[in-house]
Amino acid sequence: MQNLLYFFSVLNRSMPKFSKIGFTLLIVHFIANPSFSLAQSLMHPTSQINFVKSQISKKSQPVYTAYKQLTTLADSILLTEHHAVEDFSVPGFYNDKEGQRAMARKLHADAFGAYCTALAYTLNGEKKYASKALYFLNSWASINKKYSQFDGPVVLSYAGAGLMIAAELLKNDPLWMKKDQDYFKTWTIQVYQKATHFLRERANNLADWSRFANLLSANFLDDQKELSFTIALIKADLFEKIAVDGHLIEEVKREEKGLWYTYFSLAPLTASMWCIYNATGENLFMVSKDGKSVRKAIDYLYYYNQHPTEWPWFHHPDVDMLNLDAGVWPSNLLEAMKDIYKTHQFDSYLPRYRPIAYRKNHFAWTFPTLMPVHLNQTDNIE
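Basis of the calculations
- Residues numbered from 1 in each chain as written.
- Predicted model: local features only at pLDDT ≥ 70, side-chain atom pairs only at ≥ 80, totals over all residues.
- Heavy atoms only, no water.
- 1 Å grid on protein atoms, 1.4 Å probe; cavity = no way out; pocket = protein on both sides within 12 Å on 5 of 7 lines; lining within 4 Å.
- Points joined across faces, edges and corners; volume = space filled by probe spheres on them.
- Helix = DSSP H or I, 4+ residues; strand = E, 2+ residues; numbered from the N terminus.
- Nonpolar A, V, L, I, M, F, W, Y, C, P; charged D, E, K, R; others polar.
- Core = buried A, V, L, I, M, F, W, Y, C linked by side-chain atoms within 4.5 Å.
- Buried < 20%, exposed > 50% of the residue type's maximum accessible area, 1.4 Å probe, protein only.
- Phe/Tyr/Trp six-rings, centres within 6.5 Å; stacked < 30°, edge-to-face > 60°.
- Lys NZ or Arg CZ within 6 Å of the ring centre and 35° of its normal.

J.: Go over the layout of surface pockets, please, and point to the residues and values.
T.: Taken as a whole, the largest pocket holds about 1,200 Å³ of empty space. Lining the largest pocket are 36 residues; nearest its centre among them are Phe 93, Tyr 158, Trp 260, Tyr 261 and Asn 361. For the lining of the largest pocket, the secondary structure elements donating two or more residues are α5 (97–124), α7 (152–170), α8 (178–199), α9 (205–220) and α11 (258–280). Looking at the lining of the largest pocket, the element that brings in the most residues is α5, giving six residues. Split into classes, the residues belonging to the lining of the largest pocket amount to 17 nonpolar, seven polar and twelve charged.

Now the structure itself:
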């Protein structure tokens, strides 16, 4: 009961716009569904990993080519050094763009290194990759004590997610010594979750990233209360951020960056929905309310990414430049969503970008060609 009162009071303070009826229904749902599963990895569940291993063994395309891409990347990371710092001090982007980017790159490089090598080890069992992933995880856990400045929390949320996915993949592996894993758990609580909690009740992409990060960390810590609370937050305002035509109400306000921020919100939101599906079996991808749905938002993004001159919110919005080495948004998001929605809508767009490995600055759909997303993954294993 104490946990429930805590949940009720925090959500009530942070979201006064909820009606009494809607809020009561939310609480009733929370009470009626208190038990969620705590998986080894929410982002890469065992069913998905087994499917990918079967595709690799058969050299099935495009998964096999994506796997070779992964191991090439992982090999290139083996000789790199970590960039962990005691104070992850990140100035606000609009005050100091170069300073923000420089500090963000430190975490992003190490998070990508950890994620890439942890995933390679998960798929092929080669210990050299596990050792490197653990090197990055242990470095941040032992060196980084805090974050500071305006963009510290948000960069930790979106770039640090790579570290957390790697930790999820390795959390039950005997190669990760208990002492070192305990250090990482302490870092997760005292630094990482402190950042995600600070942002998770905002109205825009900041909340989307922090909630996604919080799902990952709660699962890693086997914290069912935290997982349940975060899921409730995501469900509570899911349809408040989407307009009937599919545009994201907060993100289109960002002038020339409106398309980018639409993608930058949908990437962690859909990744969170995938994590929720793996934790609870609840399929938010197919839910709609008052004509609003995530599917409609994805279609809206896709259409205007293909037709940016028609974007109604700003003249000539920014779109991504073709750079197959680092990945092109929103190709990674659409690659993941094509199997969720079983659509051929993106078939003319996606092949030019495969195999897709998105390596720029965040970790929602990083390896979507290699790790395809199916809602009934076991049905795809022959």
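J.: Describe in detail empty space enclosed by the protein, supporting the description with residues and values.
T.: Applying the stated criterion to the full structure yields four cavities of 30 Å³ or more. There is about 70 Å³ of room inside the largest cavity. Lining the largest cavity are Met 43, His 44, Gln 48, Tyr 115, Trp 274, Ala 364, Trp 365, Thr 366, Phe 367, Pro 368, Met 371 and Val 373. Residue composition of the lining of the largest cavity, by class: nine nonpolar, three polar and no charged.

J.: Please provide a residue-by-residue account of the nonpolar core, values included.
T.: One finds Leu 123, Leu 137, Trp 365, Phe 367 and Leu 370 to be the most contacted residues of the largest nonpolar core, which totals 123 residues. Take this core: its biggest share by element is 15 residues, from α11.

J.: Break down the packing of aromatic side chains for me, with residues and values.
T.: Given two aromatic rings, their pairing is described by the distance between the two centres and the angle made by the two planes. The tally for this structure, following the rule as stated, stands at 32 aromatic pairs. With a centroid separation of 5.9 Å and an interplanar angle of 25°, the aromatic rings of Trp 176 and Phe 220 are classed as stacked. Of this pair, Trp 176 sits in the loop between α7 and α8 while Phe 220 sits in helix α9; the two residues are 44 residues apart in sequence, bridging distant segments of the chain. What makes Trp 176 buried here is its relative accessible area of 4%. Between Tyr 302 and Phe 346, the ring centres sit 4.8 Å apart and the planes meet at 70°, which makes this aromatic pair edge-to-face. Of this pair, Tyr 302 sits in helix α12 (residues 294–306) while Phe 346 is found in the segment after α13 (331–340), placing the two residues 44 residues apart along the sequence. Of the two residues examined, Tyr 302 and Phe 346, each falls in the buried class. Through a chain of ring-to-ring contacts, three or more aromatic side chains come together here, namely Tyr 158, Trp 209, Phe 212, Trp 260, Tyr 261, Tyr 263, Phe 264, Trp 329 and Tyr 358. Directly above the ring of Tyr 147 sits Lys 194, whose terminal nitrogen or CZ lies 5.9 Å from the centroid.

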